[in-house]
Amino acid sequence: MEPGDVCMCQSVFPAHANQRGELSAGQLLKWMDAAACLAAEKHAGVSCVTASMDDIQFEEAARVGQIITIKAKVNRAFKTSMEVGIKVKVQDILTKVEKIVSVAYATYVAKPVGAKKIELEPVKLLSTEDHLEHTLATERRRIRLGYEQVFQKLMQESNKEDTSEVEDAVSTGLTHVQSIELVQPPHANHHGNTFGGQIMAWMETVASISASRLCCSYPILKSVNMFKFWGPSVVGDRLVFNAIVNNTFQNSVEVGVRVEAYNCEEWIKDQARHINSAFLIFNTVNDKGELLTFPRIKPTTEDGVRRYHGAIARRRIRLARKCMLSAKEDQPSDLWETSNQKYVLAFQAYVSYSNIAALTHLAAKPGWEVTSTLDGIKIWIHEEGDTLSLKVEMQVKIPSHLAFSLLSDFTFRQEWDKHFLTCEVLQDVNEDEKIYYITSPPMTGHKPRDFVILVSQRQPCKPSEPYMVAVKSVTLTSMPPSSEYCRSQVLCAGFQIYSDSNSSCTMLEDVAVVRTLRALKYCKKRHALFANCCLLLPKLYVFTSIKPFILI
């Protein structure tokens, strides 16, 4: 176990189990929050509180007698907040078989005693995995911060849809559940606030009751659409939980839970503090383990209609995320426009994340071997299965921010890369993402080639981190292949630019995915080109993954 890790092992006893003899999801959430909080405090050195827990997927169920192992570690520290990665596994004592139950990410905030403020120390990165998670934590933070914007746009689309009543639809009012809890000392954490894991467990209980009123069975929690903690509660507070079904989707149901807190004075005046919200997704099965269908529901109030459409928007974000995470790593081109336009906004956010993640993973792979060093330019190769990856490094005397500006705008590339014949911006998605259409001159005996690529650029959060320009092919319905060109694909390509000083930097470039036999010729041409450009560009690292069946 690495120095920053926290490991919790628990045996599942009958007291931890639900009606099905499986580990209660509420109990598991308590353990997950406790382990993650301890990891956060191990890094911060002060008390920490839960700010949010990202979407949680439960892949496996744990039964009585099995062993739960939870590992938590801080992936990245920002100023006062941290992202903590959580991995949960279940092991059968008799068979020794181990399975992953869930992988989740939570955000914790350092809360030192008194009015004193604290700025967190950077995380010590000791392994390749540490570096990977540290880089990707920034991308996940971008998605969290942009979630509300994507959600609101999807809500607008959902509001346009027909909500006419379905025959035999069940009123959502019949699923409403209200419950109250008095926060007592055993429910408080070690700095006096109500334990976040306890609140999540209570929320899961009322949500499960709400879902059971619709399915007349024992619902199974499959995922949580982010727990958000808006404010604290303390010992002596009364917590009121309101749960109601927002919408049903064939074999699943979304239940929304809102938590309000009152102290004695607020209780008398009926002045509630909204402290938590979450959306929990359940399904249910019959005795044979087959998924059951939920009845359709009908909202009966204006707020019910809002929640009905909100559930649709959140489901589209979940499906887009699931689609991207389940995509094969060697898939040559990602769809930028899905067949269902309702999912486009959410889908594109995860395509951008995938673009940066692919470059980060390629750069961090162990086993790179130097094959050539000439005029200060190094070339590495990395072989894995039928994939050959190339990396080129060089150092030049130019500020890193200027190199980033030149390399991230592909319309400039024709000035220094003879493999770019034309370059056109198809979509200016945002300030960090653009889609280009590129043509390349023909090689002997072949047609000229063309590409449709997504270019994602990222500036470093701190001086020791690189500027990044990630490149990946995408598919646009508005730009289909033509008979004039051979449509080629870039699996993973880009640049990483490290600052060495105010006047020089080191650059890594990911080239692309190319046919293996042509890769070396291509690389030699690149090598000569880089040597001629050393006065223009900083130190450069080039990474390229090569598949035998893909051309660039």
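Looking only at helices and strands, the chain has eight helices and 27 strands in total. In the chain, which comprises 552 residues, the proportion classed as buried is 52%. At a minimum sequence separation of 6, the contacts of the chain that also span at least 24 residues come to 70%. For the chain, the exposed area adds up to about 26,100 Å²; of that, 53% sits on carbon and sulfur atoms.

Inspection of the secondary structure puts lysine 73 in strand 4 (residues 67-77). Excluding residues that lie within four positions of it along the chain, lysine 73 makes contacts with Glu2, Gly4, Asp5, Ala39, Glu83, Val84, Gly85 and Asp130.

It is generally the case that most residues other than glycine have a negative phi and that most peptide bonds are trans. Phi is positive for cysteine 216, which is not a glycine, with a value near 55°. Tracing the backbone through its elements, the reader meets cysteine 216 in the loop between helix 3 (196-215) and strand 9 (220-224). Since its relative accessible area comes to 73%, cysteine 216 is described here as exposed. Backbone geometry places aspartate 270, a non-glycine residue, at a positive phi of 60°. If you trace the backbone, aspartate 270 turns up in the loop between helix 4 (264-269) and strand 13 (273-283). With relative accessibility at 59%, the residue aspartate 270 sits in the exposed group.

Another point: the packing of helix 1 (residues 25-44) against helix 3. Axis separation between helix 1 and helix 3 bottoms out at 8 Å; the angle between their running directions is 165°. If you check the angle between helix 1 and helix 3, you find them roughly antiparallel. Relative to helix 3, the crossing made by helix 1 is right-handed. Between helix 1 and helix 3, the contacting residues are Ala25, Gly26, Leu29, Lys30 and Asp33 on the first element and Gly196, Gly197, Gln198, Met200, Ala201 and Glu204 on the second. Residues that form the contact of helix 1 with helix 3 fall into these classes: four nonpolar, four polar and three charged.

Here we take up the confidence of the model for the chain. Mean pLDDT for the chain: 83, with 84% of residues reaching 70 or above. Considering each helix and strand of the chain separately, the mean pLDDT is smallest for helix 8 (residues 516-532), with a value of 36, and largest for strand 8 (residues 177-182), with 97. In this model, residues 511-552 is a region of pLDDT below 50 whose contacts with residues beyond four sequence positions or in other chains number 177 contacts.

Glancing now at helix 3. Under the 1.5 Å per step criterion, the end-to-end length of helix 3 is 29 Å for 20 residues, consistent within 8% with the ideal 28 Å. Taken across its 20 residues, helix 3 has 16 buried, putting it largely inside the fold. Immediately beyond the C-terminal end of helix 3, within one or two residues, lies cysteine 216, with a positive phi of roughly 55°.

By the criterion of burial, strand 12 (residues 252-262) is predominantly enclosed, with ten of the eleven residues buried. Strand direction decides the pairing type here: strand 11 (residues 238-249) and strand 12, joined by eleven bridges, are antiparallel. Paired with asparagine 242 across the two strands is arginine 258, which belongs to strand 12. The hairpin formed by strand 11 and strand 12 contains two residues between the paired strands, and glutamine 250 there has a positive phi angle of roughly 60°. Pairing between strand 12 and strand 13: nine bridges, direction antiparallel. Residue pairing for strand 13: valine 255 is matched across the bridge by leucine 280.

Before going further, it helps to spend a moment on the nonpolar core. Core analysis: the biggest nonpolar cluster contains 74 residues, and Leu28, Ile68, Ile70, Tyr108 and Phe227 have the highest contact counts within it. Considering each element in turn, this core owes the most residues, twelve residues, to helix 1. When near neighbours in sequence (up to four residues on either side) are disregarded, isoleucine 68 contacts Met8, Cys9, Gln10, Val12, Leu23, Leu28, Trp31, Ala62, Val88, Lys89, Val90 and Val101.

Here the focus is the packing of aromatic side chains. The description of an aromatic ring pair uses the distance of the two centres, along with the angle that the planes make with each other. Enumeration over the complete set of coordinates arrives at five aromatic pairs. Pairwise contacts between aromatic rings join Phe410, Phe420 and Tyr436 into one cluster. A cation over an aromatic ring shows up here: arginine 314 above the ring of phenylalanine 279, its NZ or CZ 3.5 Å from the ring centre. The positively charged end of arginine 413 is found above the aromatic ring belonging to phenylalanine 410, 5.2 Å away from the centroid.

Of all twelve residues making up strand 11, ten are buried, and the element is well covered by its neighbours. With six bridges joining them, strand 8 and strand 11 adopt antiparallel strand pairing. Counterpart to serine 179 in the pairing with strand 11 is phenylalanine 241.

Reading guide: rules and limits
Residues numbered from 1 in each chain as written. Predicted model: local features only at pLDDT ≥ 70, side-chain atom pairs only at ≥ 80, totals over all residues. Heavy atoms only, no water. Helix = DSSP H or I, 4+ residues; strand = E, 2+ residues; numbered from the N terminus. Buried < 20%, exposed > 50% of the residue type's maximum accessible area, 1.4 Å probe, protein only. Contact = heavy atoms within 4.5 Å. Areas by Shrake-Rupley, 256 points an atom, 1.4 Å probe, with all protein chains shown as cover. Axes fitted to C-alpha atoms, helices over the stretch in contact; angles between N-to-C directions. Parallel < 35°, antiparallel > 145°, perpendicular 65-115°, else oblique. Left-handed = near helix turned anticlockwise from the far one by under 90°. Nonpolar A, V, L, I, M, F, W, Y, C, P; charged D, E, K, R; others polar. pLDDT = per-residue confidence, 0-100. Expected span 1.5 Å × (residues − 1). Pairing = 2+ DSSP bridges. Core = buried A, V, L, I, M, F, W, Y, C linked by side-chain atoms within 4.5 Å. Phe/Tyr/Trp six-rings, centres within 6.5 Å; stacked < 30°, edge-to-face > 60°. Lys NZ or Arg CZ within 6 Å of the ring centre and 35° of its normal.

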